[in-house]
Amino acid sequence: MIPLTTYASRTVGVLGLGKSGLSAARALKAGGATVFCWDDNEAPRETASAEGLEVADLTRPREAASLDLLIVSPGIPHHYPEPHKAVLAAWEAGVPVDNDVSLFFQALTDPDREGADEGSPKVICVTGSNGKSTTTALIHHLLGAAGRHTQMGGNIGRGVLDLDNPGPGEVVVLELSSYQTELARVLAPDVAVFLNLSPDHLGRHGGMGGYFAAKKRLFEYGGPDRSIIGVDGIEGRFVANTMGPETIRIAATQKLRGEGWSVFMNKNHLTEWRGGKQMAAIDLRQCPALIGSHNHQNACAAYAACRAVGVPPRRLEAGLASFPGLAHRLERIGEIGGVAFVNDSKATNADAAEKALLSFENIRWILGGQAKEGGIEPLTGLFDRVAKAYLIGECADQFAATLESTPHEICGDLATAVARARADAAPGDTILLAPAAASWDQFTSFEARGDAFRALVESSQEEPA
């Protein structure tokens, strides 16, 4: 935990008592603040009370007016579709509203933080629509493999304030969602990474413009020493155009030779280009967890981030090859009778599913769930890679209409889809779970959906031939 001594003897409210909210409350209390917690659900309030945290209804004007600061958890709306009542009460009382990511950056500049006089750590932040978790985990892995002391957190793993108090020479790697960057009053990474942008969370941000603006804040507030921008998409090119010479451009689909600093794919080789010449080239065919164009982008971003904090290329090559990958992201579960099973449950929108479809041929595609805006319309050009689609969830009929003449079957649930795909598959086929939809209609999370897929495959492996 990182104690927040900046707010000692002040009164702070914490709204939302999930992972980030509870860690913020603990850190504030440990730093000497008076903390009042609130969650709309009773169970989290009981958890907070059991820890000795004081619970108060922060939606009431009197409680809100007693605060010096309100900390809001990422899942709670503070703008669109409408602000939470506690946020409105804080604003009406003139109380600033912030989040735990901002508190983290404030803590690093606190002269009273333990070890502050010895020097500051480096902080790398990663944002984008797709690939954030893989890129964050890959940076963390590469740094560790190179012998650097590193911690990982934010939207992956530990909450930012649950991390150990970082020391000088350490590198903290944070995955940040648009929910986290949008509200933070302080954002001061040493290195900031923008991967890509595709439609997601549009209701929360009031459309694509608001979503893009939330991502861009990471590069506008605090001014990272080094910005790493994916320029395969138009949004990344726009951001890169607003940056200075400290920018490293990355791309998986184009060569970026020039006088600046860039990292790009040249056929199968990750290539670093700097000062008008090639500095390094790494064959990613030797990296089994980094197949596909989207993972090539992730690799370029992670490589660039590590180079930005001084790791030499020769140390990164071995780390790329040893990266095990993340669960639910093009995770190869196993093979039965020459048929491969791949879990890409994290592909919750069309853009992510596109990356999966481009990575394989002869695909038995399991898809469906709770549809995102646009459905699978953007994927029609890839339907010729699909031997057959197996549809699940509430959007099965909608997706079936888009598939038209592509062979498909409405299966309803995941178990039926796996059974039907396995019955139809021939050696050389890939049974791919890439839902292109959210999981909440049938599962509590994309992780739960992926775990269910893995369990079904593993039970199939145990059946007698």
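Figured I'd write up the structure that's included with this text. (Residues numbered from 1 in each chain as written. Predicted model: local features only at pLDDT ≥ 70, side-chain atom pairs only at ≥ 80, totals over all residues. Heavy atoms only, no water.)

What follows is about the overall build of the chain. Within the chain one finds 16 helices and 22 strands. Relative to its length of 465 residues, the chain is compact, with a C-alpha radius of gyration of 23 Å against a globular reference of 23 Å. Residues counted as buried form 56% of the 465 residues belonging to the chain. Taking the intrachain contacts of the chain between residues at least 6 apart in sequence as the baseline, contacts between residues at least 24 apart amount to 63%. Where the 42 positive side-chain charges of the chain centre and where its 56 negative ones centre are 7 Å apart. (Helix = DSSP H or I, 4+ residues; strand = E, 2+ residues; numbered from the N terminus. Rg over C-alpha atoms; globule rule 2.2 N^0.38 Å. Buried < 20%, exposed > 50% of the residue type's maximum accessible area, 1.4 Å probe, protein only. Contact = heavy atoms within 4.5 Å. Lys, Arg positive; Asp, Glu negative; His and termini not counted. Charge placed at Lys NZ, Arg CZ, Asp CG, Glu CD.)

Glancing now at the environment of Thr416. Structurally, Thr416 is set in helix α15 (residues 414–424). As a C-alpha pair, Thr416 and Asp57 span 359 residues in sequence and 46 Å in three-dimensional space.

Looking now at the packing of aromatic side chains. What the rule picks out here adds up to 5 aromatic pairs. Summarising the aromatic geometry, the rings of Phe104 and Phe105 are spaced 5.4 Å apart at their centres and angled 75 degrees between planes, so their arrangement reads as edge-to-face. Each member of the pair, Phe104 as well as Phe105, is classed as buried. Centroid distance Trp365 to Phe383: 6.2 Å. Interplanar angle 50 degrees. Geometry classified as tilted. In this pair, Trp365 sits in strand β17 (residues 363–368) while Phe383 sits in the loop between β18 (370–371) and β19 (386–392), placing the two residues 18 residues apart along the sequence. By the burial criterion, Trp365 is buried, and Phe383 matches it. Here the aromatic cluster, defined as three or more aromatic residues joined through ring pairs, consists of Phe194, Phe212, Phe219 and Phe238. In this structure, Lys216 is placed above the aromatic ring of Phe212, and the distance from its NZ or CZ to the ring centre is 5.2 Å. Over the aromatic face of Phe446 sits the side chain of Lys346, whose NZ or CZ is 5.4 Å from the ring centroid. (Phe/Tyr/Trp six-rings, centres within 6.5 Å; stacked < 30°, edge-to-face > 60°. Lys NZ or Arg CZ within 6 Å of the ring centre and 35° of its normal.)

Here we take up the state of the cysteines. Under the criterion given, the structure shown has 0 disulfides. The closest cysteine sulfur to the non-disulfide-bonded Cys287 is located on Cys300, 11 Å from its own sulfur. Under the relative-accessibility criterion, Cys287 is labelled buried at 2%. The cysteine Cys395 is free of any disulfide, with Cys411 supplying the nearest cysteine sulfur at 13 Å. We classify Cys395 as buried; its relative accessible area is 3%. (Disulfide = S-S within 2.5 Å.)

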